[in-house]
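Now for the letters of each chain:
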Amino acid sequence: MKSAVETLNPTRVRLTVEVPFEELKDSLDAAYKKINQQVTVKGFRKGKIPARVIDQRFGRGAVLEEAVNDALPKLYTEAVNEAELNPLGQPEVDITELKDGETLAFTAEVDIRPEIQIPDYSGIEVTVDAIEVTDEDVEKSVEQLRERFASTNPVERAAAEGDVVTIDLEAKVDGEVLPDGVANGVSYTIGSGELLDGIDEAVTGLEAGGEATFTSQLKGGSAEGKDAEVTVKVTAVAARELPELDDDFAQMASEFDTLEELKADSRKRLTDMKQYDQATQAQERVLEKLLELVEVPVPEKLLEDEVNTRKHNLEHHQLGQMGLTLDKYLEIQGKSAEEFDAETKEQAVKGIKTQFVLDELVNKEKLNVNQEELTEHLMRRAQSSGMSPDQFAQAVVEGGQVPMLVGEVARGKALAVVVEAAKVLDSNGEVVDLEDEEDETETAAETVEAVVDGDDEEKTEA
């Protein structure tokens, strides 16, 4: 077999392959054997029909077609390996010559990973938010815990903000009660904003037995988006009572004996959270700087496929779970379809570039993934997917996704290497030491996944 490579552009090549006919012998034998099992000829046992009879009865062309279809994948792979290419996606194959007994020639156009030169990244410098946990932050955290332990007691007075009211609702559009427009015994906290616009004003000041009517745009149901006349009747009013902030509360709400210990733990947890956020922010900004240093051509077909995948995942998975259509989502975001398409393309380009650059860094730095790192990554991915580790591991193995997980961890390690070499300052001008981050590689893997998989923007916006 002879093969040659023609570079069409930095991300696409054309392979030209010529194969002497004798190299097709195994595929021709396999073709005769397959046809033998599929056809019946009078006077011959099934599977024992001579090749010349198959040629006479069904045509040599049918045999050649079967043989070529069998041989092409192997010949293509051999040519790719010989040329040391890194193909992306499926090739576009065109048979240019097929002479029985002489030659098979074909071309295969395919996208390839571009050659990337990783520059010196040791000079990267980024600024991140300083870690600051104020007394106000701690008080807010404790207050949120206090809210969870609030109790309600019935009161005989007009409802006010913060009260929990039990209400009956009836919604009409054009004077007709909607089929799904009646709800009784609904518990609602005034000021929470969890129901219809206008309901807070309607029920505030009403006592048990009181009734009011207001107009509101429906957020869901059979008349979603339409203005409805809503009648609300208050059947009960209850006041929320918060527990006293003392040692008894600390013992009830936590494993601590005193309120001061509870507050100290809240401060530590808030500090840990801010350290995690700071590390993630550093990784994101270092990655941005790294991508700015590297010239990365992006294959058009790969980009098109990535854009379509991101749009499909957003529309049919993330938005579907929220009960939103793409049009409704764009309306909420205040974006046009053109703006959305442009942003999706920009994110897809960033994701592809990130993968290419970090994969090249993995090779350059000779980074390996050990079993412990892979297991830790698998455990986290299982947790985020809602599956048990055993279930997730089985699904990964059965789906042939182990190399994908290895790649995710390796890219995380590559980004961690760049972050370690970078100079990271906080907004106060202090040097940030990220080496104490226990899960630096796994945190970096999460950062990379968000960019590569397209979860960073969509999750934030949705």
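Residues numbered from 1 in each chain as written. Predicted model: local features only at pLDDT ≥ 70, side-chain atom pairs only at ≥ 80, totals over all residues. Heavy atoms only, no water.

1. Section: the overall build of the chain
- On a plain count of helices and strands, the chain comes out with 15 helices and 11 strands.
- At 33 Å, the chain has a C-alpha radius of gyration far larger than the 23 Å of a compact globule built from 462 residues.
- By principal-axis analysis of the C-alpha atoms, the chain measures approximately 100 × 65 × 40 Å.
- Looking at the chain residue by residue over its 462 residues, the buried ones come to 38%.
- Intrachain contacts of the chain at a sequence separation of at least 6 include 69% that bridge at least 24 residues.
- Within the structure as shown, the chain displays about 26700 Å² of accessible surface, and the carbon and sulfur contribution to it stands at 45%.
- Each charge class in the chain can be summarised by its mean position, and for the 48 positive and 104 negative side chains these summaries are 11 Å apart. (Helix = DSSP H or I, 4+ residues; strand = E, 2+ residues; numbered from the N terminus. Rg over C-alpha atoms; globule rule 2.2 N^0.38 Å. Buried < 20%, exposed > 50% of the residue type's maximum accessible area, 1.4 Å probe, protein only. Contact = heavy atoms within 4.5 Å. Areas by Shrake-Rupley, 256 points an atom, 1.4 Å probe, with all protein chains shown as cover. Lys, Arg positive; Asp, Glu negative; His and termini not counted. Charge placed at Lys NZ, Arg CZ, Asp CG, Glu CD.)

2. Re the UniProt feature "domain: PPIase FKBP-type" (unreviewed entry) in the chain
- Under the UniProt annotation, the feature "domain: PPIase FKBP-type" (unreviewed entry) is placed at residues 162-215.
- Helix makes up 9% of residues 162-215 and strand 54%. Its end C-alpha atoms lie 22 Å apart. (UniProt positions renumbered as here; feature names shortened; annotations may be inferred.)

3. Here we look at unusual backbone geometry
- Residue Asp-174 is not a glycine yet carries a positive backbone phi of 55°.
- Inspection of the secondary structure puts Asp-174 in the loop between strand E7 (164-173) and strand E8 (176-189).
- Note on Asp-174: relative accessible area 77%, which makes it exposed.

4. Observations regarding the pattern of salt bridges
- Enumeration according to the criterion identifies 31 salt bridges in this entry.
- With a closest N to O distance of 2.7 Å, Arg-14 and Glu-6 form a salt bridge.
- Relative accessible area serves as the criterion here: at 25%, Arg-14 is assigned to the partly exposed category.
- For Glu-6, a relative accessible area of 40% gives the class partly exposed. (Salt bridge = Lys/Arg side-chain N within 4 Å of Asp/Glu carboxyl O.)

5. Some words on the sheet that holds strand E4 (residues 103-112)
- What the 4 strands build is an open sheet, ordered E1-E2-E4-E3; its pairing is antiparallel. Of all the strands in the sheet, the pair left with one neighbour each is strand E1 (2-9) and strand E3 (87-99). Averaged over all pairs of adjacent strands, the angle between their axes in this sheet comes to 20°, without regard to strand direction.
- Sheet topology places strand E2 (residues 12-20) next to E4; 9 bridges connect them, and they run antiparallel. For Thr-16, the partnering residue across the bridge sits in E4 and is Thr-107. (Pairing = 2+ DSSP bridges. Axes fitted to C-alpha atoms, helices over the stretch in contact; angles between N-to-C directions.)

6. Topic: the environment of Asp-265
- Structurally, Asp-265 is set in helix H7 (residues 259-293).
- The class of Asp-265 is partly exposed, set by a relative accessible area of 23%.

7. Brief notes about the pairing of strand E10 (residues 227-241)
- Here strand E6 (residues 151-154) runs beside E10; their pairing, made up of 4 bridges, is antiparallel. The partner of Thr-152 across the bridge, within E10, is Arg-240.
- Taken together, the 9 bridges between E7 and E10 define a ladder with antiparallel strand orientation. Residue pairing in the sheet places Val-164 in a bridge with Ala-238 of E10.

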